Amino acid sequence: MTGTLCASVPGAMAARQHDDQARLRRDAGAITALGVTGVQARAVTGDGRSLTATSGVADLTSRRPVPRNGYFRIASVTKTFVATVILRLAADGGLSLDDTVERWLPGVVSGNGNDGRAITIRQLLQHTGGIHDDYPDFTSARAFHRHRYDAYTPEQIVARAMRHRPDFRPGKKWSYSNTGYVLLGMIIERVTGHPWHQEVRDRIVRPLGLRHTFWPGTSPELPQPHARTYQSFKPGEQPVDVTEQVGSGTNGEAGLVSTTADLNRFFRALLGGRLLPPAQLAQMKQTIPVGKEFEPFMPGARDGLGLFARPLSCGGAYWGHEGGDSGWISAAAVTADGRRSVTVSLSGVFADSTDDVLRVERAMSKLIDDALCPPPNPGRGRR
């Protein structure tokens, strides 16, 4: 009897792994079925197994397959790295989350009703500072080809925002703010004497052994292997290869390049308590509802400090962040105990309407939920 039981355990584990792998592959295929060029996804199960799935192509010309661990620009997923550094500095006594922006960046947030004396570091972290975003963007294929190598300093980005009145009084509403995280990068440099990306490298990347995570500076290229990404600037327009660009790579809100494996390791370490003391991790997880403009894309989401919480169909919530930039969409998610995680990168996201974006977001959310909510029994699916 004992021998039969022991023999059945490996079989059950193999069946579960097969089901998990098939589910991840199916969900990746559902995303490319919506017109996305390529998808790569990597999940880490509760027992530490790593599962990967790809779908679509990495290049519309050669039709080569999507690499299983390709590099990609993680865009706003960078914000979680920046927030982690800020909270580490708070734990070390280098700053307080209740410090004002003016305390560290005197005179930078001023004019047109903007007042750095009224905005705290905590409000920047949680998108409640009210600063208006005025980010450089590509509005046409011609503009992309003309400006894709342009680089902007953090000071230039903030100066653009200061041309506008605030969107609301600090602390009164929630609205996603890239400029707020640019200011956090500037504060990191003022406190430490080092650029934000150096502090990310020294405090997170090197200790965790994230060998494929780095700040590209003003380089417009990605290392191999990587998928190419595409964007249509008008409905029905031929897609433009937008892979090679500087974009926002010089700024603290969206500057890193990484891989699915590295992002899984980072988020598992963060939620597993390996990067922040318990008090700071608890502050990071203190959430508020997101604004109405985000709710359709992230149903039930709540915003912490550089982390979003989303409900899981199997109960509880997961933590993570999404990012999007010129044809890319990426998302990293991890369960509250840091054991299960999944990262997905989409390349060549063509969206002619809000409905198109919603369909892609829902398909990506399903992939995440399926990866983090395992079926209750080996060999049996939840749906």
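Scroll up a little and you will see the structure.
Criteria and cut-off values
Residues numbered from 1 in each chain as written. Predicted model: local features only at pLDDT ≥ 70, side-chain atom pairs only at ≥ 80, totals over all residues. Heavy atoms only, no water. Pairing = 2+ DSSP bridges. Helix = DSSP H or I, 4+ residues; strand = E, 2+ residues; numbered from the N terminus. Contact = heavy atoms within 4.5 Å. Axes fitted to C-alpha atoms, helices over the stretch in contact; angles between N-to-C directions. Left-handed = near helix turned anticlockwise from the far one by under 90°. Nonpolar A, V, L, I, M, F, W, Y, C, P; charged D, E, K, R; others polar. Disulfide = S-S within 2.5 Å. Buried < 20%, exposed > 50% of the residue type's maximum accessible area, 1.4 Å probe, protein only. Phe/Tyr/Trp six-rings, centres within 6.5 Å; stacked < 30°, edge-to-face > 60°. Lys NZ or Arg CZ within 6 Å of the ring centre and 35° of its normal. Parallel < 35°, antiparallel > 145°, perpendicular 65-115°, else oblique. Expected span 1.5 Å × (residues − 1).

### Some thoughts on the sheet that holds strand E14 (residues 341-347)
Hydrogen bonds between backbone groups are what pair the strands of a sheet, and the pairing can be parallel or antiparallel. The antiparallel open sheet is built from eight strands, whose spatial order is E2-E1-E14-E13-E12-E11-E10-E9. The sheet terminates laterally at strand E2 (50-56) and strand E9 (288-289), the two strands that pair on one side only. Relative to E14, strand E1 (residues 38-44) is paired through seven bridges, and the arrangement is antiparallel. Within the sheet, the bridge partner assigned to valine 44 lies in E14 and is serine 341. Lying over the sheet, helix H9 (residues 260-271) contacts E1, strand E12 (317-325), strand E13 (328-335) and E14, oriented at roughly 40° with respect to E1.

### Section: the packing of helix H2 (residues 78-91) against H9
Relative orientation of the contacting elements H2 and H9 amounts to 35°, with a least axis distance of 12 Å. For the crossing formed where H2 meets H9, the hand is left-handed. From H2, Thr80, Phe81 and Thr84 reach across to H9, where they touch Leu263, Phe266, Phe267 and Leu270. For the contact of H2 with H9, the residue count by class is five nonpolar, two polar and no charged.

### Overview of the state of the cysteines
By the definition in use, this model includes one disulfide. Paired through a disulfide, cysteine 314 and cysteine 373 show a sulfur-sulfur distance of 1.8 Å. Here the S-S torsion is close to -75°, and the disulfide linking cysteine 314 with cysteine 373 is therefore left-handed. Here the residue cysteine 314 occupies a position in the loop between strand E11 (308-311) and E12, and cysteine 373 occupies one in the segment after helix H11 (354-372), the gap between them amounting to 59 residues.

### Points about the pairing of E14
Where burial is concerned, most of E14 is hidden: seven out of the seven residues are buried. Residues Ser341, Thr343, Ser345 and Ser347 of E14 are buried on one face, and the alternating residues Val342, Val344 and Leu346, pointing to the opposite face, are buried as well. Looking at chain direction, E13 and E14 are connected through seven bridges and run antiparallel. Bridge pairing in E14 links tryptophan 328 to serine 347. The turn joining E13 and E14, which pair antiparallel and follow one another in sequence, is formed by five residues; a positive phi near 75° is taken by glycine 338.

### Quick look at the packing of aromatic side chains
The tally for this structure, following the rule as stated, stands at nine aromatic pairs. With 6.5 Å between their ring centres and 50° between their planes, tryptophan 174 and tyrosine 176 make a pair best called tilted. According to the relative accessible area criterion, tryptophan 174 is buried, its value standing at 8%. Aromatic side chains phenylalanine 266 and phenylalanine 267 sit 4.9 Å apart centroid to centroid with 70° between the ring planes, which places their arrangement in the edge-to-face category. This pair shows no difference in class: phenylalanine 266 is buried, exactly as phenylalanine 267 is. Three or more aromatic residues joined by ring pairs make a cluster, and in this case those are Trp174, Tyr176, Phe294 and Phe308. The positively charged end of arginine 103 is found above the aromatic ring belonging to tryptophan 104, 4.0 Å away from the centroid.

### A short note on the packing of H2 against helix H8 (residues 196-208)
Contact geometry for H2 and H8: axes closest at 10 Å, N-to-C directions at 75°. As judged from the angle between their axes, H2 and H8 are roughly perpendicular. Here H2 contributes Thr78, Phe81, Val82, Thr84, Val85, Arg88 and Leu89 to the contact with H8, which in turn contributes Trp196, Glu199, Val200, Arg203 and Ile204.

### Examining the pairing of E13
Buried residues dominate E13, accounting for eight of its eight residues. Neither face of E13 is open: one carries Trp328, Ser330, Ala332 and Val334, the other Ile329, Ala331, Ala333 and Thr335, and all of them are buried. Taken together, the eight bridges between E12 and E13 define a ladder with antiparallel strand orientation. Paired with tyrosine 318 across the strands is threonine 335, a residue of E13. A loop of two residues connects E12 with E13, the two strands running antiparallel in sequence, and serine 326 in this loop sits at a positive phi of about 45°.

### Some points on H2
Under the 1.5 Å per step criterion, the end-to-end length of H2 is 20 Å for 14 residues, consistent within 8% with the ideal 20 Å. Counting buried positions along H2 yields 12 of 14 residues, so the element is predominantly enclosed. Looking at the packing, one finds that the buried side of H2 touches helix H4 (121-125), helix H7 (178-192), H8, H9, helix H10 (278-284) and E12. Remark: glycine 93 follows H2 within two positions and exhibits a positive phi of approximately 85°.

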